Amino acid sequence: MLFLLLALLILCGFLWNYKRQLKIADITDKYIFITGCDTGFGNLAARTFDKKGFHVIAACLTESGSTALKAETSGRLHTVLLDVTDPEKVKKTAQWVKNQVGEKGLWGLINNAGVLGVLAPTDWLTVEDYREPIEVNLFGLINVTLHMLPLVKKARGRIINVSSIGGRLALGGGGYTPSKYAVEGFNDSLRRDMKAFGVHVSCIEPGLFQTGLSDPIKVNEKKRAIWKHLSPDIRQQYGEGYIEKSVEKLKDSTSFENVDLSLVVECMDHALTSLFPKTHYAAGKDAKIFWIPLSHMPAVLQDFVLLRQKVKLANPKAV
């Protein structure tokens, strides 16, 4: 009996692995649209999928980013300048994409554009500090999706939303985490709404990666700029050396950082080309073995682990 059970488990594992390896037949006639292609994940994705033979339409925020990308890719790849927070520009871009793809529709939409915003304790911030990451990471993503959705439905294609482990665990104050939690919710509702149309929706949750988005120098510059304008009471509560101590704490987490951006692009590739794409992809060893498992743990355990990464306040009773 035990032997039969073991054989059944091995067979199931083989079939599961075989199923994951099944790919779509042809990609050379398929169009994909990627946001945030100036640098990082989006830039590598655009170059990778261009080499694979897709017709890539890469949205860049800057002219310099667009020029550099075109210099490294084939004539199949087209770039467009797009600020995802500009509704009129999104509308015009969607019409241009519609003219490009014609009756084939849009096989893949990769919502990758994102910003980190300010990362600081909540009581340091104003509502304006939350606005930029929520505008870009959430409303920009939703608006691009809504305008491209008819084209993806026509192709019975794929939508890939790049979230973060910050959409599963609140690692710090600021607008980034709320925006990514909301992306997760939008992704799940969209996936269920699109199922009847044959459109697959996937969410990628990268761990900590070394990209321009998470540049520690820029992160701490923003913190110091906010510190200068804090009230005397808050500065007394946190202590004058709080930011420097935070920097030292952050150095401990750099050992978790992933340097290979292709780990995220491989998830995008599977979501685009597999006959059976996954609903969620954890990218990076830290996400797979630490952050995602921690997100399923009781809140008391999450708090215990994450609070150990915070700096002890100088005088929290000085209120």
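Scroll up to find the structure.
Residues numbered from 1 in each chain as written. Predicted model: local features only at pLDDT ≥ 70, side-chain atom pairs only at ≥ 80, totals over all residues. Heavy atoms only, no water.

(A) Here's a closer look at the packing of helix H2 (residues 40-52) against helix H10 (residues 262-273). Where H2 contacts H10, the two axes come as close as 9 Å, and the packing angle between them is 50°. Relative to H10, the element H2 is oriented oblique. The element H2 and its partner H10 pack so that their crossing is right-handed. When H2 is examined against H10, the residues Phe41, Leu44, Ala45, Thr48, Phe49 and Lys52 are found in contact with a partner set consisting of Ser262, Val264, Val265, Met268, Asp269 and Leu272. (Axes fitted to C-alpha atoms, helices over the stretch in contact; angles between N-to-C directions. Helix = DSSP H or I, 4+ residues; strand = E, 2+ residues; numbered from the N terminus. Parallel < 35°, antiparallel > 145°, perpendicular 65-115°, else oblique. Left-handed = near helix turned anticlockwise from the far one by under 90°. Contact = heavy atoms within 4.5 Å.)

(B) Representation of the pattern of salt bridges within the structure. On inspection of all chains with the given rule, the structure shows ten salt bridges. Two residues, arginine 168 and glutamate 205, come together in a salt bridge whose shortest N-O distance is 3.1 Å. With arginine 168 in the loop between strand E5 (158-162) and helix H6 (176-194) and glutamate 205 in strand E6 (residues 200-206), this pair connects stretches of sequence that are 37 residues apart. Of the residues examined, glutamate 205 reaches a relative accessible area of 2% and is grouped as buried. With its nearest N and O atoms 2.8 Å apart, the salt bridge here joins aspartate 188 to arginine 191. With aspartate 188 and arginine 191 both in helix H6 and three residues apart, the pair spans about one turn of that helix. A residue is classified by how much of its surface remains accessible, and arginine 191, at 16% relative accessible area, is buried. (Salt bridge = Lys/Arg side-chain N within 4 Å of Asp/Glu carboxyl O. Buried < 20%, exposed > 50% of the residue type's maximum accessible area, 1.4 Å probe, protein only.)

(C) Quick look at the nonpolar core. Within the largest apolar cluster, 31 residues are counted, with the highest numbers of intra-cluster contacts made by Ile32, Ile34, Ala46, Phe49, Val56, Ile204 and Met268. Elements with a minimum of two residues in this core: strand E1 (31-34), H2, strand E2 (55-60), E5, H10 and strand E7 (280-283). For this core, the element with the highest residue contribution is H10, accounting for six residues. Excluding anything up to four places from it in sequence, isoleucine 204 contacts Ile160, Asn161, Val162, Ser163, Ser164, Val264, Cys267, Met268, Tyr281 and Ala283. Core analysis: the next-biggest nonpolar cluster, separate from the first, contains 29 residues, Leu82, Ile159, Phe186 and Met194 among them. (Core = buried A, V, L, I, M, F, W, Y, C linked by side-chain atoms within 4.5 Å.)

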